[in-house]
Amino acid sequence: GEVQLKYTGYFPDGDTYSGKWDSKWGNGWSGTTWFWYENPAYGKQGTFKLKVFDGNGNLIGEKTVKITG
């Protein structure tokens, strides 16, 4: 079956952004999302983390990216 996936991005400065993809996803599908973060002029260096959740709020994956100036 297909499920609605949601995501939350955690920024080095403490901000978070949550949303969901427009369509449902099936097993083995892949896709992208993007976030805008102005660094180093307006942001902090550090780690950005993305967490992906299923429709019931269960964590199904996460990745981190180092942000450097």
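In this text, all values refer to a predicted model and were calculated from it rather than measured experimentally.

Novice: Mind showing me how you'd approach the packing of aromatic side chains here?
Specialist: Centre distance and the angle of the planes are the two values used to describe a pair of aromatic rings. For the structure on display, the rule yields 8 aromatic pairs. Aromatic pair F11 and Y37: ring centres 5.3 Å apart, planes at 25°, arrangement stacked. A residue pair is termed long-range when its members are at least 10 positions apart, and F11 in the loop between β2 (6-10) and β3 (16-20) and Y37 in the loop between β4 (25-26) and β5 (46-53) qualify at 26 residues. Summarising the aromatic geometry, the rings of F11 and F48 are spaced 4.9 Å apart at their centres and angled 55° between planes, so their arrangement reads as tilted.

Novice: I keep staring at the nonpolar core and nothing clicks. Help me out?
Specialist: Proteins that are soluble and globular tend to have nonpolar side chains buried together. Counting 10 residues, the largest nonpolar core consists of L5, Y7, F11, W21, W25, Y37, F48, L50, V52 and I67. A total of 3 residues in this core trace back to one element, the largest contributor, which is β5. Among residues more than four places away in sequence, those in contact with W21 are Q4, L5, K6, Y7, T32, T33 and V52.

Novice: What's the story with the side chain of Q4 in this structure? I'm lost.
Specialist: By secondary structure assignment, the location of Q4 is in the loop between β1 (2-3) and β2. Here W21 takes part through its backbone oxygen, which lies 2.5 Å from a polar atom of the side chain of Q4. Dropping the residues within four chain positions of it, Q4 is found in contact with K20, W21, D22, S23, K24, F53, D54 and G55.

Novice: Looking at this structure, how should I read the pairing of β3?
Specialist: Moving residue by residue along a regular strand, the side chains alternate between the two faces of the sheet. Bridge count for β2 against β3 is 5 bridges, and the pairing is antiparallel. Paired with Y7 across the bridge in β3 is G19. The antiparallel hairpin formed by β2 and β3 contains 5 residues in its connecting segment, where G14 sits at a positive phi of about 100°.

Novice: Help me understand the side chain of D54, please; the structure alone is not making it clear to me.
Specialist: Among the secondary structure elements, D54 is positioned in the loop between β5 and β6 (59-67). Despite its burial, D54 pairs with no opposite charge; the closest candidate is K6, at 7.9 Å N-O. Polar contacts involving the side chain of D54 include one to the main-chain amide nitrogen of N56, which spans 2.9 Å. When residues no more than four places from it in sequence are discounted, the contact partners of D54 are Q4, L5 and I60.

Cut-offs applied
Residues numbered from 1 in each chain as written. Predicted model: local features only at pLDDT ≥ 70, side-chain atom pairs only at ≥ 80, totals over all residues. Heavy atoms only, no water. Phe/Tyr/Trp six-rings, centres within 6.5 Å; stacked < 30°, edge-to-face > 60°. Helix = DSSP H or I, 4+ residues; strand = E, 2+ residues; numbered from the N terminus. Core = buried A, V, L, I, M, F, W, Y, C linked by side-chain atoms within 4.5 Å. Buried < 20%, exposed > 50% of the residue type's maximum accessible area, 1.4 Å probe, protein only. Contact = heavy atoms within 4.5 Å. Polar contact = N/O pair within 3.5 Å; in protein donor to acceptor, adjacent residues only side chain to side chain. Pairing = 2+ DSSP bridges. Lys, Arg positive; Asp, Glu negative; His and termini not counted. Salt bridge = Lys/Arg side-chain N within 4 Å of Asp/Glu carboxyl O.

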